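# Chain and residue survey
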Amino acid sequence: MSGATQTMPDRGLAELAGLTIVPKRFYGRWIAAAAILFVLAWIVKAFAQGQIAWPVVAQFFTAPAILAGLVNTLIMTVCAMGLGIVLGVVFAIMYMSPNPVLRGVALFYIWFFRGTPLLLQLLLWFNLALVFPTIGIPGVVEWRTIDIIGPFMATLLGLGMNQGAYTAEVVRSGILSVDLGQTEAAKAIGMTRLTTLRRIVLPQAMRVIIPPVGNEVISMVKLTSVASVIQFSEILRNAQNVYYANARVIELLIVAAGWYLLVVTLLQIGQFFLERAFSKGRGERRAKPQVAEEAAA
């Protein structure tokens, strides 16, 4: 309404002067939109006319090998993210602890796992038997490392511990976002450090923690493909096994890309609703001053 009322005097003056109001032309926008549409049309045409057997794509999209890889990818995503979140919370608390030993251990953990490539960590875990032939309590119970740390366990440890280092920084930033006065008030009424953290700090820090952790979950779905180098049977490796047999390389890669996009899209929708659920209180507090101003007006 305000914009309309502001333009009414201008229109009246223009009519009295016999002038015609010409709307501003955004030629740059039209040119950019046309260029984007041209590129998209060219890409669609290339895929439509390329040597791609689309019936093969449809045939293998629900093939048992691909679906088994999808299940393994989802299971690994849940397990690795669960391990990463637990480690992230633990090491974030250790990082902020006044105990110099705990703080030093947390600093070393974050430094090492953030400073080395994920692929290198996966290979180290997969070849751990070369350093530790057996795992257990010497003289009491021992197992061969090669029997314990197979492709699944090596992938879980590699992805989970790598994720824990990044999640620790996310959790620490969320904890620091909570006002220090609330912690002091909790101490004043007799709450312990852990109780304050569990009941006061972490629930409020979730607003800051949820968005980046949601992004990390989406990234984890795609990071599982790196584990194909250590023979973990996720979507990409199973797709590779199939196209090694039938030589339909691009078709199987399209199948894998389609499943990744579908899973990521569903996770993004879930992340949207989760973020909205945790930000309800903040939205209500922001709306109250506006309601008060409207009532005063």
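Okay, so let's go over this structure. (Residues numbered from 1 in each chain as written. Predicted model: local features only at pLDDT ≥ 70, side-chain atom pairs only at ≥ 80, totals over all residues. Heavy atoms only, no water.)

### Here we look at the packing of aromatic side chains
- In the structure shown here, the tally under the stated rule is nine aromatic pairs.
- Plain terms: the ring middles of Phe91 and Tyr109 are 4.0 Å apart, the flat faces sit at 10° to each other, and that makes the pair stacked. Here Phe91 is found in helix H4 (residues 64-95), whereas its partner Tyr109 is found in helix H5 (residues 100-115), with 18 residues between them in sequence.
- Of the residues examined, Phe91 reaches a relative accessible area of 12% and is grouped as buried.
- Here Phe112 and Phe113 contribute two aromatic rings whose centre-to-centre distance is 5.1 Å and whose plane-to-plane angle is 85°, an arrangement assigned as edge-to-face.
- For Phe112, a relative accessible area of 29% puts it in the partly exposed group. (Phe/Tyr/Trp six-rings, centres within 6.5 Å; stacked < 30°, edge-to-face > 60°. Helix = DSSP H or I, 4+ residues; strand = E, 2+ residues; numbered from the N terminus. Buried < 20%, exposed > 50% of the residue type's maximum accessible area, 1.4 Å probe, protein only.)

### With respect to the packing of helix H3 (residues 54-61) against helix H12 (residues 249-278)
- Taken N-terminus to C-terminus, the directions of H3 and H12 make an angle of 50°; their axes are 9 Å apart at the nearest point. As summarised for this structure, H3 and H12 are arranged oblique, according to the angle between their axes. Relative to H12, H3 is oriented so that their crossing is right-handed. Seen from H3, the contacting residues are Trp54, Val56, Val57, Phe60 and Phe61; seen from H12, they are Glu251, Leu252, Ile254, Val255, Gly258 and Trp259.
- In terms of residue class, the contact of H3 with H12 is made up of nine nonpolar, one polar and one charged. (Axes fitted to C-alpha atoms, helices over the stretch in contact; angles between N-to-C directions. Parallel < 35°, antiparallel > 145°, perpendicular 65-115°, else oblique. Left-handed = near helix turned anticlockwise from the far one by under 90°. Contact = heavy atoms within 4.5 Å. Nonpolar A, V, L, I, M, F, W, Y, C, P; charged D, E, K, R; others polar.)

### Quick word on the nonpolar core
- With 37 residues, the main nonpolar core has Phe91, Tyr109 and Trp125 as its most contacted residues.
- Those elements that place two or more of their residues in this core are H4, H5, helix H6 (118-126), helix H8 (151-176) and helix H10 (193-223).
- Residue contributions to this core peak at ten residues, all from H8.
- With residues near it in sequence (within four places) discarded, Trp125 still touches Ile149, Ala154, Leu157, Gly158 and Met161.
- Core analysis: the next-biggest nonpolar cluster, separate from the first, contains 20 residues, Ala239, Val242, Leu252 and Trp259 among them. (Core = buried A, V, L, I, M, F, W, Y, C linked by side-chain atoms within 4.5 Å.)

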